[in-house]
Amino acid sequence: MIPVTKPFMPRLEEYESYIRGIWQRQWLTNNGPLVNELELQLKQYLNVPHMLYVNNGSSALQIAIKALGLKGEIITTPFSFIATTSSILWEGWKPVFVDIDPHTLNIDPALIEAAITPQTSAILATHVFGNPCDIDAIQEIATRHNLKVIYDAAHCFGTKYKGRSVFQYGDISITSFHATKLYHTIEGGAVFTQDADLLKEMAYMRNFGFNGPEDFACVGINGKNSEFHAAMGLANLKYVDDLLRKRKAQYLHYTELLKGLDMQMQAIDKNACHNYAYFPIILPSETVLKKMEAHLIGHGIYPRRYFYPSLHTLRFVEKYECANSLCIAQRIMCLPMHHELTEEEMHMIVRVLLRTQNH
Ligand SMILES: *Cc1c(COP(=O)(O)O)cnc(C)c1O
């Protein structure tokens, strides 16, 4: 069986050494020493001034929306994981879908302005598969219309944009450290901002709004993460350079092997240092995709239709026209990509794809 992804596991003894410390301290959660250490090490690794470690990427999105005081309409992308849209709905606001560029797969900045109304408060865009959005164009529009910008950078661990971590852009960027992501802490996520006051507000929100034991600064939620999760993060961080190197080698190898396949690849921004976290292929039609998917599964290979369906077609959102997202979502799938995937397995996957095409 070849899964689309596989969580990286550190050596058990390494994880155990952190767990032994937790047993000694008996401090399990609530901003413990490992959580603090992980935040420190991640800030150093990513070279970012501020970040807060939270319990998952979805609550990171909710905290970001709340902390920026967003309301009314939030312009967003239909081509993302469902959490991008559901976080807006969960906070009680309205997602306004703007179509994607069919090459970058990110929200098309040229279409954003037409979607702005007096009710618009922000743009929530996803750097799809670790490929940065057109950040300058989005910021320019946001500044002109006095809108906030949140980036869902859940796929972006290790991605840089113009030499800086992509997490440094927007009013707030969020990421996910879920087990399926390139770098993970089992469950986990983070919020990033350049603004120290905003960081403080989000720190209150992460912990029920507690300001000392008997005072509450604001409305908060439980966005904390545990010492056990931080321990996995600390153990995994030692391997992340190696994981990034492997992903890049696999990405280049797939690209080479797939030269004979009739498909399109995502166009990566020229200002980006990509993390190669995923290997999406865009096929000529959904019929071809379904045939390829079935043949792969017949060989014990499990690709994933990231992202299907297009979020603007969900039954609980208002309808918008997003032809590119609709068309891409029907034809795109991610091939297996993880640290243990071998060249032989990649050859086998590509052989199945080519054989399916040629029959
Ligand atoms: C994984 C993911 C999330 C959600 O992160 P969780 O940690 O699973 O809550 C949000 N947005 C995108 C684009 C994702 O891929």
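The rules behind the values
- Residues numbered from 1 in each chain as written.
- Predicted model: local features only at pLDDT ≥ 70, side-chain atom pairs only at ≥ 80, totals over all residues.
- Heavy atoms only, no water.
- Helix = DSSP H or I, 4+ residues; strand = E, 2+ residues; numbered from the N terminus.
- Rg over C-alpha atoms; globule rule 2.2 N^0.38 Å.
- Buried < 20%, exposed > 50% of the residue type's maximum accessible area, 1.4 Å probe, protein only.
- Contact = heavy atoms within 4.5 Å.
- Areas by Shrake-Rupley, 256 points an atom, 1.4 Å probe, with all protein chains shown as cover.
- Lys, Arg positive; Asp, Glu negative; His and termini not counted.
- Charge placed at Lys NZ, Arg CZ, Asp CG, Glu CD.
- 1 Å grid on protein atoms, 1.4 Å probe; cavity = no way out; pocket = protein on both sides within 12 Å on 5 of 7 lines; lining within 4 Å.
- Points joined across faces, edges and corners; volume = space filled by probe spheres on them.
- Nonpolar A, V, L, I, M, F, W, Y, C, P; charged D, E, K, R; others polar.
- UniProt positions renumbered as here; feature names shortened; annotations may be inferred.
- Pairing = 2+ DSSP bridges.
- Polar contact = N/O pair within 3.5 Å; in protein donor to acceptor, adjacent residues only side chain to side chain.
- Salt bridge = Lys/Arg side-chain N within 4 Å of Asp/Glu carboxyl O.
- Domains from an automatic or database assignment.
- Expected span 1.5 Å × (residues − 1).
- Arc of directions from axis to C-beta.
- Axes fitted to C-alpha atoms, helices over the stretch in contact; angles between N-to-C directions.

Colleague: Is there a simple way to explain the overall build of the protein chain in this structure?
Modeller: The number of helices and strands found in the protein chain is 11 helices and 12 strands. Whereas a compact globule of 359 residues would reach a radius of gyration of roughly 21 Å, the protein chain reaches 21 Å, a difference of no more than 12%. Put simply, the protein chain has 359 residues, and 55% of those count as buried. Looking at the protein chain alone, contacts between residues at least 24 apart form 70% of all its contacts between residues at least 6 apart. Summed over its atoms, the accessible surface of the protein chain is roughly 15800 Å², and 55% of this surface lies on carbon and sulfur atoms. Side-chain charges in the protein chain split into 33 positive and 36 negative, and the spacing between the mean points of these groups amounts to 3 Å.

Colleague: Would you explain empty space enclosed by the protein in this entry?
Modeller: Rolled over the atoms, a probe with the dimensions of a water molecule shows which regions are left empty. All told, the structure shown has 2 cavities of 30 Å³ or more when counted by the stated rule. The volume enclosed by the largest cavity comes to roughly 60 Å³. Together, T5, K6, P7, F8, A179, T180, K181, L182, L243, R247, H338 and H339 line the largest cavity. Of the residues that constitute the lining of the largest cavity, the class distribution is 5 nonpolar, 4 polar and 3 charged.

Colleague: What am I meant to see in the UniProt feature "modified residue: N6-(pyridoxal phosphate)lysine" (unreviewed entry) in the protein chain here?
Modeller: UniProt records the feature "modified residue: N6-(pyridoxal phosphate)lysine" (unreviewed entry) at K181, using the numbering of this structure. Among the secondary structure elements, K181 is positioned in the loop between β8 (172-176) and β9 (189-192). Here K181 is in contact with A154, S176 and Y278, once residues within four sequence places are set aside.

Colleague: Please clarify how the pairing of strand β1 (residues 51-54) should be interpreted in this entry.
Modeller: Every other side chain in a regular strand lies on the same face of the sheet, so the side chains alternate between the two faces. Residue alternation in β1 divides its side chains into two sets, M51 and Y53 and L52 and V54, and both sets are buried. By the bridge criterion, 4 bridges tie β1 to β9 in an arrangement that is antiparallel. Residue L52 lies in a different strand from β9, and its bridge partner there is V191.

Colleague: Which parts of the structure should I look at to understand the side chain of S226?
Modeller: Tracing the sequence through the fold places S226 in the loop between α6 (196-206) and α7 (227-237). A distance of 2.6 Å separates a polar atom in the side chain of S226 from a polar atom in the side chain of H229. In this structure, S226 is in contact with L28, T29 and V35, ignoring residues within four places of it in sequence.

Colleague: Can you help me understand the pattern of salt bridges in this one?
Modeller: Opposite charge on two side chains allows them to pair when their charged atoms are near. This model, assessed by the stated rule, comprises 16 salt bridges. When the shortest N-O distance is used, the salt bridge between E39 and R206 registers 2.9 Å. Linking E39 in helix α2 (residues 33-46) with R206 in helix α6, this pair joins segments that are 167 residues apart in sequence. Assessed through its relative accessible area of 8%, E39 is described here as buried. A cluster of three or more residues bridged by salt bridges with shared partners is formed by R11, E13 and E14.

Colleague: Would you mind going over the layout of surface pockets with me for this structure?
Modeller: Each pocket or cavity is described by its volume, and for the largest pocket that value is around 450 Å³. Along its surface, the largest pocket is lined by 30 residues, and F81, S176, H178, T180 and K181 are the ones closest to its centre. Breaking the lining of the largest pocket down by element, the ones donating at least two residues are α3 (57-67), β8 and β12 (332-335). When residues of the lining of the largest pocket are sorted by domain, at least three fall in each of domain 1 (12-237) and domain 2 (240-357).

Colleague: Looking at this model, I keep getting lost on helix α11 (residues 343-357). Mind explaining?
Modeller: Within an α-helix, residues lying three or four positions from one another point in the same direction, as the helix has 3.6 residues per turn. For α11, spanning 15 residues, the distance from its first C-alpha to its last is 21 Å, which sits close to the expected 21 Å at 1.5 Å a residue. Within the span of α11, buried status applies to M346, I349, V350, V352, L353 and T356. The buried side chains of α11 occupy one side of the element, clustering within an arc of 155 degrees when seen end-on. On its buried side, α11 packs onto α8 (240-257), β11 (279-282), α9 (286-298) and β12.

Colleague: I would appreciate a short explanation of the sheet that holds strand β2 (residues 73-76) in the present structure.
Modeller: Backbone hydrogen bonds hold the strands of a sheet together, and the pairing may be parallel or antiparallel. Taking strand neighbours across the sheet as the criterion, the 7 strands line up as β1-β9-β8-β5-β4-β2-β3 in an open arrangement whose pairing is mixed. Of all the strands in the sheet, just β1 and β3 (94-97) have a single pairing partner and so form its edges. Each strand axis lies, on average, 25 degrees off the axis of its neighbour in the sheet, ignoring direction. Against the sheet, α2 makes contact with β1 and β9, and its axis sits at roughly 130 degrees relative to β1, the strand it touches most.

Colleague: Please clarify how the UniProt feature "active site" (unreviewed entry) in the protein chain should be interpreted in this entry.
Modeller: In this structure's numbering, the residues bearing the UniProt feature "active site" (unreviewed entry) are K181. A relative accessible area of 17% places K181 in the buried class.

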